[in-house]
Amino acid sequence: MSVNFDEREQLKKAERDRLFQLPDFPQGHPDDDRGVLLSDQIQRYCQQYQLISPFDPELLKPAGYDLRVGRNYSKNGQHFALNDGMELEIEPYQVAIIETYETLNMPEFLIGRWNIRVQLAYEGLLWVGGAQVDPGFRGYLCCPIYNLSTKPVALKFRGKLAMIDFVTTTPFRDGECKSFDWRNRRMLVFPDYPPLRSGIEERVQKFQSSIEAAKKKTDGDLETASLDTRTKLGEIHQRIDTFLALVFTVVAVLFAGLGILATAGPGERSFVNPPAWVAAVALYFALRANRRSGQDAPQDKWHTRRPGALLIAAGAVLLSLAYHYWGGHFSLTDLIAAKPQAPEVMRAITTEKEEREAAIQNLQRQADAKFQSIQEQLGRLESAKSSTK
């Protein structure tokens, strides 16, 4: 809410007219008014001279009165207005200028002393206005209020804000004592109060903005680092898979070659030769590793990566299997062709066996005869030895 110069002058004129209608206090205070006014005298002055208007007996204290949140306030350099059911919220480290709901009509023999309510002070609100209301003052009171807590504080329209008490002065002597010129005071209406911003709030906001910027930068750096790490891990996995594919391919080729060389004898050729199957298993793992590495790079087909090594390994395995298959096939054909000659071969083997058994028996008899002859010679030697003694 902003007003131009003409509107402000109109507001000032209306405010002066309103304040002119307030009753005047008599010159000099009664003899029995000394020190701080108690509740009975405050109430009497409010009822007779509108010391506080509007007056509510519920807000009267033993030696003071509770002032409430008024209609006008400013925050963040802007003016606002409140109505019934509305509230203003002061953010942490923020300042708000608040106008009171009550109008004061001070006589020449009283001063007012006001401050924020203790309950609001414990919520973190700090009152920084002038503590004294001069004798002869008429109008609303305004003051800046800071929120020094870390939580927002809400103030309702016509909610209790501050407490004021009244103290008598020395006798006022017209012409000798200075009087308060309320008609021409510099800040008569609320738009006269300059907008106020909290330096603490601005610094906190800048600090929070820098924290947010640093957080975003840190998040971006972490995301970039995470992406780089995933990329590098993918490259490492791809290299490992490539290495495994090459290793298994070489193993497949070696075992295929060993299967051919180790089974060169016609009697050992077989379709189920172990080296050939080891080569096949190695080829399977080579293909699997190659396919896994291809999945990390979807732009390439897995079967198009390193085709030369895979074709060599597959060809070696197939040649080994074919070699052993045909070798086993020809060995089986030879056995079938030699089957009719088996009885004759068995007879020859039996005859040779009998001849060798006869020769063994003859050798056994000759050995027994020689052993007998040796025993007889030993007996004669023992007899000759005994006769000599």
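Below is a short write-up of the structure. (Residues numbered from 1 in each chain as written. Predicted model: local features only at pLDDT ≥ 70, side-chain atom pairs only at ≥ 80, totals over all residues. Heavy atoms only, no water.)

### Brief notes about the overall build of the protein chain
Inference 1: Tallying secondary structure elements over the protein chain gives 7 helices and 12 strands in all.
Inference 2: Looking at the 389 residues of the protein chain, the share that counts as buried comes to 31%.
Inference 3: When contacts within the protein chain are restricted to residue pairs at least 6 apart in sequence, long-range pairs at least 24 apart make up 76% of them.
Inference 4: Accessible area of the protein chain: about 25,000 Å², with a carbon and sulfur share of 58%. (Helix = DSSP H or I, 4+ residues; strand = E, 2+ residues; numbered from the N terminus. Buried < 20%, exposed > 50% of the residue type's maximum accessible area, 1.4 Å probe, protein only. Contact = heavy atoms within 4.5 Å. Areas by Shrake-Rupley, 256 points an atom, 1.4 Å probe, with all protein chains shown as cover.)

### Overview of the nonpolar core
Inference 1: Formed by 40 residues in total, the largest nonpolar core has its most connected members in I98, W114, I145, L155, I164 and F166.
Inference 2: If near-sequence neighbours (up to four positions away) are discounted, W114 is found in contact with L67, T100, W127, G130, A131, V133, L141, C142, C143, A162, M163 and I164. (Core = buried A, V, L, I, M, F, W, Y, C linked by side-chain atoms within 4.5 Å.)

### Here we look at the packing of aromatic side chains
Inference 1: Evaluation of the coordinates by the stated rule reveals 12 aromatic pairs.
Inference 2: Look at F137 and F180: their rings are 5.6 Å apart centre to centre, the planes differ by 55 degrees, and that puts the pair in the tilted class. Highlighted residues: F137 in the loop between β9 (132–133) and β10 (138–147) and F180 in the loop between β12 (160–168) and α4 (199–262), separated in sequence by 43 residues.
Inference 3: Overall, the relative accessible area of 8% leaves F137 in the buried class.
Inference 4: Each ring, one from F190 and one from Y193, has its centre 6.0 Å from the other, and the planes form 40 degrees; the classification is tilted.
Inference 5: Residue Y193 is classed as buried on the basis of its relative accessible area, which comes to 14%.
Inference 6: Feature note: the residues F25, Y45, Y49 and F109 constitute an aromatic cluster, connected by ring pairs. (Phe/Tyr/Trp six-rings, centres within 6.5 Å; stacked < 30°, edge-to-face > 60°.)

### Things to note about the pairing of strand β4 (residues 78–81)
Inference 1: Here strand β3 (residues 64–75) pairs with β4 via 4 bridges, running antiparallel. Across the sheet, S74 pairs through a bridge with H79, a residue of β4.
Inference 2: Linking two consecutive strands that pair antiparallel, namely β3 and β4, is a turn of 2 residues; a positive phi of about 55 degrees is found at N76 within it. (Pairing = 2+ DSSP bridges.)

### Regarding helix α1 (residues 5–20)
Inference 1: Over its 16 residues, α1 runs 22 Å from end to end, which matches the ideal 22 Å to within 8%, given 1.5 Å per residue.
Inference 2: Looking at α1, one finds that the buried residues are K12, E15 and L19. The buried residues of α1 all sit within an arc of 65 degrees when viewed along its axis, so they share a single face. Summarising the geometry of α1, the exposed residues directed more than 90 degrees from the buried face are D6, Q10 and K13.
Inference 3: Turning to α1, the residues buried within the fold contact β6 (95–105) and β10.
Inference 4: The backbone nitrogen of D6 lies 3.3 Å from a side-chain oxygen of the residue at the head of α1, namely N4. (Expected span 1.5 Å × (residues − 1). Arc of directions from axis to C-beta. Polar contact = N/O pair within 3.5 Å; in protein donor to acceptor, adjacent residues only side chain to side chain.)

### Overview of the pairing of β3
Inference 1: Taken across its 12 residues, β3 has 11 buried, putting it largely inside the fold.
Inference 2: Relative to β3, strand β2 (residues 60–61) is paired through 2 bridges, and the arrangement is antiparallel. Looking at β3, one finds that L60 is bridged to Y65.
Inference 3: If you look at the hairpin formed by β2 and β3, you'll find 2 residues sitting between the two strands.
Inference 4: Examined bridge by bridge, β3 and β6 share 4 bridges and lie antiparallel to one another. Directly across from K75, in β6, lies its bridge partner A96.

### Comments concerning the environment of Y122
Inference 1: Its place among the elements puts Y122 in helix α3 (residues 118–122).
Inference 2: Residue classification places Y122 among the exposed residues on the basis of a relative accessible area of 73%.
Inference 3: Sequence separation between Y122 and S149 is 27 residues; the distance between their C-alpha atoms is 9.3 Å.

### Description of the side chain of K75
Inference 1: In this structure, K75 sits in strand β3.
Inference 2: Excluding residues that lie within four positions of it along the chain, K75 makes contacts with F80, E89, Q94 and V95.

### Things to note about the environment of P30
Inference 1: Examined against the element boundaries, P30 turns out to sit in the loop between α1 and α2 (39–49).
Inference 2: Judged by its relative accessible area of 31%, P30 falls in the partly exposed class.
Inference 3: On a C-alpha basis, the gap between P30 and P171 in space is 10.0 Å, while along the polypeptide they are 141 residues apart.
Inference 4: Sequence-distant contacts of P30, that is, excluding residues within four places in its chain, are made with R44 and Y45.

### Comments concerning the pattern of salt bridges
Inference 1: Following the criterion strictly, the structure yields 14 salt bridges and no others.
Inference 2: Salt-bridge contacts for K13 lead to D17; the nearest nitrogen and oxygen are separated by 3.4 Å. Here K13 pairs with D17, and both are found in helix α1, just 4 residues apart, close to one helical turn.
Inference 3: A residue is classified by how much of its surface remains accessible, and K13, at 55% relative accessible area, is exposed.
Inference 4: The partner of E223 in a salt bridge is R230, with the nearest N and O atoms 4.0 Å apart.
Inference 5: By relative accessible area, which is 46% here, R230 ends up partly exposed. (Salt bridge = Lys/Arg side-chain N within 4 Å of Asp/Glu carboxyl O.)

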